[in-house]
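Close look at the chain arrangement
These are the residues of each chain, in order.
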Amino acid sequence: MTDTTRRTEGLGQPLVVLKDVNKHFGDLHVLKDINLTVREGEVVVVIGPSGSGKSTLCRTINRLETFESGSITIKGVELPKEGKALAKLRADVGMVFQSFNLFHHKTILENVTMGPVKVRKMKPAEAKEHAMKLLTRVGVEHQANKYPAQLSGGQQQRVAIARSLAMNPTVMLFDEPTSALDPEMINEVLDVMTSLAHSGMTMIVVTHEMGFARKAADRVVFMSDGAIVEENTPEEFFTNPQSARAKDFLGKILTH
């Protein structure tokens, strides 16, 4: 399947829907009337200058950040504020951060099996088999019995992706997953993410990696000053940006 057919076919029902979402940090209005619908199987890449609200947007989708007004629904259900319902939602929404957030005192295999056993009540043997398949998928199966500190940053981030996938999430959120990595490790993580995108996983990705946006996204969402300024297919956005703000942003980053 070529990238272009992937972008026009196979998208399902609305899965994550943000309506008129607003958030402040004190006097700072960090999310301004955000309206965004992400469909099943869609890969949405959120880009924009630092401080534009991208990471905050990502973190509100699983309530790591609260918001003051508007609504966010996943599969038609409004985000619960707290308690068991919120824990269940977080189990259904995979999240990969800048920092890998692995448990340092547990092996790679234990990191990946813990959620399915504790939260999904999967049998340990089944969880282990599932985890090894996922570690193979992200290319770190030989590291299963090591501890996070024994792995490179790129390997740790791939383990973090496998750990999220182990919960069989409905949607995966990536908050600048390569920004803490050395340059030579970035591609190994982006390759895993690209193959995930092409497998039909619903993904919302905040990133500075424009090559990934061009290759893997169905839609690029450009944010500035807390607002969505523009959204389009990667082809249209990168070759024919509509807003002065996007033109200025692309002019600065694509000339280097």
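What comes next concerns the included structure. Please read all numbers here as calculations on a predicted model, not as lab measurements.

**A look at the sheet that holds strand β1 (residues 14-25)**
In space, the four strands of this open sheet follow the order β2-β1-β4-β5, with antiparallel pairing throughout. Each edge of the open sheet carries a strand with a single partner, namely β2 (28-39) and β5 (77-78). Relative to β5, strand β4 (residues 69-74) is paired through two bridges, and the arrangement is antiparallel. Paired with Thr73 across the two strands is Glu78, which belongs to β5.

**Let's talk about the packing of helix α4 (residues 108-118) against helix α5 (residues 124-137)**
One way to put it is that α4 packs onto α5 with a least axis distance of 9 Å and a crossing angle of 125°. The orientation of α4 relative to α5 falls into the category oblique. Note on packing geometry: the crossing formed by α4 with α5 is right-handed. Packed against α4, whose contacting residues are Ile108, Leu109, Val112, Thr113, Pro116 and Val117, the element α5 presents Pro124, Ala127, Lys128, Ala131, Met132 and Leu135 at the interface. In terms of residue class, the contact of α4 with α5 is built from ten nonpolar, one polar and one charged.

**Some remarks on the pattern of salt bridges**
The full count for this structure, using the stated rule, is ten salt bridges. When the shortest N-O distance is used, the salt bridge between Asp92 and Lys88 registers 3.3 Å. With a gap of four residues between them, Asp92 and Lys88 both fall in helix α3 (residues 83-92), about one helical turn apart. Residue Asp92 is classed as buried on the basis of its relative accessible area, which comes to 19%.

**A short note on the packing of α4 against helix α6 (residues 153-165)**
At a closest axis distance of 8 Å, the pairing of α4 and α6 adopts a crossing angle of 25°. One finds that α4 runs roughly parallel with respect to α6. Considering the relative orientation of α4 and α6, their crossing is right-handed. Across the interface between the two elements, Ile108, Asn111 and Val112 from α4 touch Val159, Ala162 and Arg163 from α6. Of the residues that constitute the contact of α4 with α6, the class distribution is four nonpolar, one polar and one charged.

**Some thoughts on the side chain of Lys54**
For Lys54, the position within the fold is in helix α2 (residues 54-60). Notably, Lys54 is buried but unbridged: the nearest opposite-charge side chain belongs to Glu176, and the N-O separation is 4.1 Å. There is a polar contact of 3.1 Å between the side chain of Lys54 and the backbone oxygen of Pro49. Among all residues touching Lys54, those that are not within four sequence positions of it are Val46, Ile47, Gly48, Pro49, Glu176, Val206, His208 and Met223.

**Brief notes about the nonpolar core**
Within the largest apolar cluster, 48 residues are counted, with the highest numbers of intra-cluster contacts made by Ile47, Leu135, Ile161, Met172, Phe174, Met193 and Met203. Looking at which element gives the most residues to this core, the answer is helix α7 (residues 183-198), with eight residues. Core analysis: the next-biggest nonpolar cluster, separate from the first, contains 28 residues, Leu15, Leu18, Phe67 and Val93 among them.

**So, the layout of surface pockets**
Each pocket or cavity is described by its volume, and for the largest pocket that value is around 580 Å³. Lining the largest pocket are 22 residues, and of these Arg90, Ala91, Arg163, Ser164 and Met167 lie nearest its centre. Contributing elements (two or more residues each) for the lining of the largest pocket: α3, β6 (93-96), α4 and α6. In terms of residue count, α4 provides more of the lining of the largest pocket than any other element does, five residues in total. Lining of the second largest pocket is provided by Ile74, Lys75, Val77, Glu78, Pro80, Ala85, Lys88, Leu89, Asp92 and Thr170. Those elements giving two or more residues to the lining of the second largest pocket turn out to be β5 and α3. Considering each element in turn, the lining of the second largest pocket owes the most residues, four residues, to α3. Considering only residue class, the lining of the second largest pocket consists of five nonpolar, one polar and four charged.

About the thresholds
Residues numbered from 1 in each chain as written. Predicted model: local features only at pLDDT ≥ 70, side-chain atom pairs only at ≥ 80, totals over all residues. Heavy atoms only, no water. Pairing = 2+ DSSP bridges. Helix = DSSP H or I, 4+ residues; strand = E, 2+ residues; numbered from the N terminus. Axes fitted to C-alpha atoms, helices over the stretch in contact; angles between N-to-C directions. Parallel < 35°, antiparallel > 145°, perpendicular 65-115°, else oblique. Left-handed = near helix turned anticlockwise from the far one by under 90°. Contact = heavy atoms within 4.5 Å. Nonpolar A, V, L, I, M, F, W, Y, C, P; charged D, E, K, R; others polar. Salt bridge = Lys/Arg side-chain N within 4 Å of Asp/Glu carboxyl O. Buried < 20%, exposed > 50% of the residue type's maximum accessible area, 1.4 Å probe, protein only. Lys, Arg positive; Asp, Glu negative; His and termini not counted. Polar contact = N/O pair within 3.5 Å; in protein donor to acceptor, adjacent residues only side chain to side chain. Core = buried A, V, L, I, M, F, W, Y, C linked by side-chain atoms within 4.5 Å. 1 Å grid on protein atoms, 1.4 Å probe; cavity = no way out; pocket = protein on both sides within 12 Å on 5 of 7 lines; lining within 4 Å. Points joined across faces, edges and corners; volume = space filled by probe spheres on them.

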